[in-house]
Amino acid sequence: MNPIAIHLENLTRDFKTVRAVDALSLDVPPGILFGFLGPNGSGKTTTIRLLLGLLEPSAGKAEVLGFDTRTHADEIRARVGALLEHPGLYERLSAEDNLEFYGRAWRMSASERRARIKELLSNVGLWERRTEQVGTWSRGMKQKLAVARALLHRPQLIFLDEPTAGLDPVAAAALRDDLAALAAQEGATVFLTTHNLTEAEKLCARVAVIRKGKLIAVGHPDELRAKTGGPRVEFVGKGFGESVLAALRARPEVAGVEEQNGRLSVALRGDANAEVAPLVSLIVGAGAQVEEVRKGRASLEEAFLDLVVEEKK
Amino acid sequence: MMVDIWTVMWKEWKELLQARGNRRSSLWMVLMNVGIFGAFMPWQFGLQWLNSLWTVFWMLFVASFWTTNLIADSFAGERERRTLETLLASRLSNRAILLGKYAAALAYVGGQILVSLLLGAVVVSLAHGRGQFLFYRPSVGLGAAGTGLLGAGLVAGLGILISLRAATVRQAQQTLLIPLTIVLILPSFGTLILPADLQARFFQWLVEAEVTTVVLGVLAVLLVIDAALLAGALARFQRAKLILD
């Protein structure tokens with residue numbers, strides 16, 4: 001196994017006057033689920049296209065599984081699986097024929113194809129519906145089939161571009177479970193792009209955040225949270241008016257205050273052990289009622305927003 | 001490479017047979033094509049169908065139009081239905097994808113031409129053979145099959161070049177019909193605007209011309225155009241260009 005699944009060195013891609021990927025340098029270790037996060041239009045899909053050798057870099061270089069994307073793109077595509085922006089399924093064909101085609105394309109033997117198609121479709125709960133035309137299916141089912149297709153030839157590396165985009169929460173959660181289970185079973189490296197932070201937090205061992213094509217942070221989700229978001233306290237109750245918010249903002253240990261639907265979120269400076277009791281007294285003293293207090297760290301979503309906002313500034 | 005071309009052909013055929021939603025209606029479409037050009041037309045033309053140069057031109061004309069829809073759907077359809085990028089991300093080479101699609105279209109149209117021609121001989125024999133089985137004059141039979149196939153190749157090559165830049169199947173079909181009309185229909189009607197004496201000399205030449213010579217001439221011209229268009233399509237069919245288009 002390669003010591004590094006993906007190695008990027010100042011990878012840059014321009015489209016006329018627009019720089020979609022800007023001097024990206026990054027290493028992805030093998031065998032992990034790696035999250036590539038960024039807002040819409042941040043360069044995630046372009047990066048995947050560059051890694052698959054579908055586009056040539058304007059500058060810098062990228063190596064995937066030890067192969068240079070400029071010179072050995074065919075070698076790369078022979079070893080990876082991909083679920084891109086769209087499921088890319090042939091809707092007139094049945095689920096079985098869709099997988100059969102890609103199985104043939106990856107030169108799997110007939111017996112291997114049969115066994116693998118049955119295994120994957122059973123794993124995602126679609127085996128009983130294998131002869132139906134894919135065009136008649138729901139988006140969630142299509143997405144599951146597309147994931148199965150990406151795993152079909154047991155690739156060493158799998159690219160998943162926004163796999164849960166456009167799915168309802170139930171279908172997205174089900175697909176996330178399938179993804180986690182399948183990735184663990186297959187032991188492959190998964191490069192997952194998403195702007196769904198909950199998804200990244202649940203699935204990924206490492207994440208990178210990009211904005212406008214530039215890498216702004218990389219690490220374990222916990223490291224990113226620690227780096228950007230300090231401890232937080234959430235108060236649930238009534239009467240959190242402007243006077244309460246102003247009183248809190250005046251405290252030296254308070255970094256920020258937000259109120260939404262009876263929930264007061266207070267970001268603290270310093271360590272996670274900061275005392276909460278003085279804040280409760282202050283809020284109650286200012287005339288509000290406190291029903292529940294929760295201490296915790298910033299979510300990855302909050303950390304992500306902090307990173308993106310900081311970069312904007 | 002051959003295995004990969006066959007894989008792409010397999011997929012194209014599967015899609016073709018499901019083109020109208022189900023296999024039965026797609027088969028009806030094929031039967032209708034073969035019925036018109038393998039039974040109705042030969043029955044109408046009679047013995048002329050087996051001996052006349054018109055059969056060669058009919059097959060060239062028909063094959064070209066059959067290929068138009070097919071090739072537009074095969075290439076522009078991949079983009080319109082958003083399956084192109086996934087296909088390009090697979091291990092299949094540019095050549096295998098292009099040649100597989102090209103060969104699938106040619107085999108599909110070529111198959112219909114052959115069946116139509118064979119059925120045509122049977123129909124003419126039944127209607128005019130008086131118990132004898134009649135067959136094509138060799139230059140007409142081979143010429144019709146050859147020009148049909150090369151005509152399909154011409155439209156396929158042109159269609160690939162147009163479809164690679166078209167956003168939708170319909171756009172590709174409409175754009176493809178313009179040069180096709182010029183190449184196939186204009187010469188036919190163009191002769192009618194010639195001065196009367198030139199027109200008469202041309203038709204006289206056509207009637208007196210050695211069928212084999214005309215057929216060989218047409219085949220040679222088509223072969224050169226087909227080869228040039230296919231070479232152009234192979235040069236144009238590059239992953240990076242397709243993604244950017």
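Residues numbered from 1 in each chain as written. Chains lettered and ligands numbered in written order. Predicted model: local features only at pLDDT ≥ 70, side-chain atom pairs only at ≥ 80, totals over all residues. Heavy atoms only, no water.

1. What to know about the interface of chain A and chain B
Then, number 1: Residue-level contacts link 27 residues of chain A with 30 residues of chain B.
Then, number 2: Buried surface at the junction of chain A and chain B, summed over both partners, amounts to about 2800 Å²; 61% is from carbon and sulfur atoms.
Then, number 3: Looking only at chain A, the three residues that lose the most surface to chain B are L54, Y90 and R92 of chain A, adding up to 25% of its buried area.
Then, number 4: Across the contact surface, chain A and chain B share four salt bridges.
Then, number 5: A salt bridge links R92 of chain A to D73 of chain B, with the nearest nitrogen and oxygen atoms 3.0 Å apart.
Then, number 6: Where chain A touches chain B, the interface holds eight residue pairs in polar contact (both at pLDDT 80 or more).
Then, number 7: At the level of elements, β1 (6-15), α2 (73-79) and α3 (95-105) of chain A are the ones that each hand at least two residues to the side of chain A that touches chain B.
Then, number 8: With six residues, α3 of chain A is the largest single contributor of residues to the side of chain A that touches chain B.
Then, number 9: Along the lines of polarity and charge, the residues of the side of chain A that touches chain B split into 15 nonpolar, three polar and nine charged. (Contact = heavy atoms within 4.5 Å. Buried area = accessible area lost by both parts, 1.4 Å probe. Salt bridge = Lys/Arg side-chain N within 4 Å of Asp/Glu carboxyl O. Polar contact = N/O pair within 3.5 Å; in protein donor to acceptor, adjacent residues only side chain to side chain. Helix = DSSP H or I, 4+ residues; strand = E, 2+ residues; numbered from the N terminus. Nonpolar A, V, L, I, M, F, W, Y, C, P; charged D, E, K, R; others polar.)

2. Observations concerning the sheet that holds strand β9 (residues 206-211) of chain A
Across a sheet, paired strands are connected by hydrogen bonds in the backbone, their directions being either parallel or antiparallel.
All names here are of chain A.
Then, number 1: If you walk across this open sheet you meet the six strands as β6-β7-β8-β3-β9-β10, and the pairing is mixed. A strand with exactly one partner marks an edge of an open sheet, and here the two such strands are β6 (80-83) and β10 (214-219). Each adjacent strand pair in this sheet contributes to an overall mean axis angle of 15 degrees, direction not counted.
Then, number 2: Here strand β3 (residues 33-37) pairs with strand β8 (residues 189-194) via five bridges, running parallel. From the neighbouring strand, L37 faces β8, where its bridge partner is T194.
Then, number 3: In the packing of helix α5 (residues 139-151) onto the sheet, contacts are made with β6 and β7 (157-161), and the angle to β6 comes to roughly 165 degrees. (Pairing = 2+ DSSP bridges. Axes fitted to C-alpha atoms, helices over the stretch in contact; angles between N-to-C directions.)

3. Quick word on the pairing of strand β13 (residues 263-268) of chain A
Residue and element names in this part refer to chain A.
Then, number 1: Of all six residues in β13, five are buried, a share of seventy percent or more.
Then, number 2: One ladder, built from five bridges, connects strand β11 (residues 231-238) with β13; its direction is antiparallel. Bridged to F235 within β13 is L264.
Then, number 3: Count of turn residues in the strand β12 (residues 254-260)/β13 antiparallel hairpin: two residues, of which N261 carries a positive phi of about 50 degrees. (Buried < 20%, exposed > 50% of the residue type's maximum accessible area, 1.4 Å probe, protein only.)

4. Looking at a nonpolar patch on the surface
All names here are of chain B.
Then, number 1: Taken together, L118, L119, V122, L126, F133 and F135 make up a surface patch of nonpolar side chains, about 620 Å² in accessible area.
Then, number 2: Structurally, F135 is set in the loop between α6 (94-128) and α7 (138-163).
Then, number 3: The class for F135 is partly exposed, based on a relative accessible area of 47%. (Patch = residues over 30% accessible without salt bridge, like charges linked within 9 Å, V, L, I, M, F, W, Y side chains within 5 Å. Areas by Shrake-Rupley, 256 points an atom, 1.4 Å probe, with all protein chains shown as cover.)

5. So, unusual backbone geometry
Then, number 1: The phi angle at E162 of chain A is positive, at roughly 50 degrees, despite the residue not being glycine.
Then, number 2: Relative to the helices and strands, E162 of chain A is located in the loop between β7 and α6 (169-186).
Then, number 3: One non-glycine residue, R130 of chain B, lies in the positive phi region at around 50 degrees.
Then, number 4: Residue position: R130 of chain B is located in the loop between α6 and α7.
Then, number 5: Under the relative-accessibility criterion, R130 of chain B is labelled exposed at 83%.

6. Concerning the nonpolar core
Then, number 1: Membership of the largest hydrophobic core comes to 142 residues, with the highest contact counts inside it found for I6, L52, L145, F159 and F191 of chain A.
Then, number 2: It is α6 of chain B that provides the largest number of residues to this core, a total of 11 residues.
Then, number 3: If we skip the residues at most four places from it in the chain, L52 of chain A touches A73, R77, V80, A82, L84 and F159 of chain A together with A89 of chain B.
Then, number 4: Counting residues in each nonpolar core, the second largest holds 15 residues, with L248, L264, V266 and L268 of chain A among its members. (Core = buried A, V, L, I, M, F, W, Y, C linked by side-chain atoms within 4.5 Å.)

7. What to know about the packing of aromatic side chains
Then, number 1: With the rule as written, the count across this model stands at 16 aromatic pairs over all chains.
Then, number 2: Between Y102 of chain A and W106 of chain A the ring centres are 6.1 Å apart and the planes differ by 35 degrees, which places this aromatic pair in the tilted class.
Then, number 3: Ring centres of W58 of chain B and F61 of chain B lie 6.1 Å apart, and the angle between their planes is 85 degrees; this geometry places the pair in the edge-to-face category. Of the two residues, W58 of chain B and F61 of chain B both sit in helix α4 (residues 53-80), three residues apart, roughly one turn of that helix.
Then, number 4: Residue W58 of chain B is classed as partly exposed on the basis of its relative accessible area, which comes to 28%.
Then, number 5: Residue classification places F61 of chain B among the partly exposed positions, given a relative accessible area of 30%. (Phe/Tyr/Trp six-rings, centres within 6.5 Å; stacked < 30°, edge-to-face > 60°.)

8. Regarding the packing of helix α9 (residues 242-249) of chain A against helix α10 (residues 277-285) of chain A
Residue and element names in this part refer to chain A.
Then, number 1: Interaxial distance between α9 and α10 falls to 9 Å at its minimum, and their mutual angle equals 150 degrees. Taken together, the axes of α9 and α10 are roughly antiparallel relative to one another. In the packing of α9 onto α10, the handedness of the crossing is right-handed. Here V244, A247 and L248 of α9 come into contact with α10, specifically with L279, L282 and I283.
Then, number 2: A breakdown of the residues in the contact of α9 with α10 according to their chemical character gives six nonpolar, no polar and no charged. (Parallel < 35°, antiparallel > 145°, perpendicular 65-115°, else oblique. Left-handed = near helix turned anticlockwise from the far one by under 90°.)

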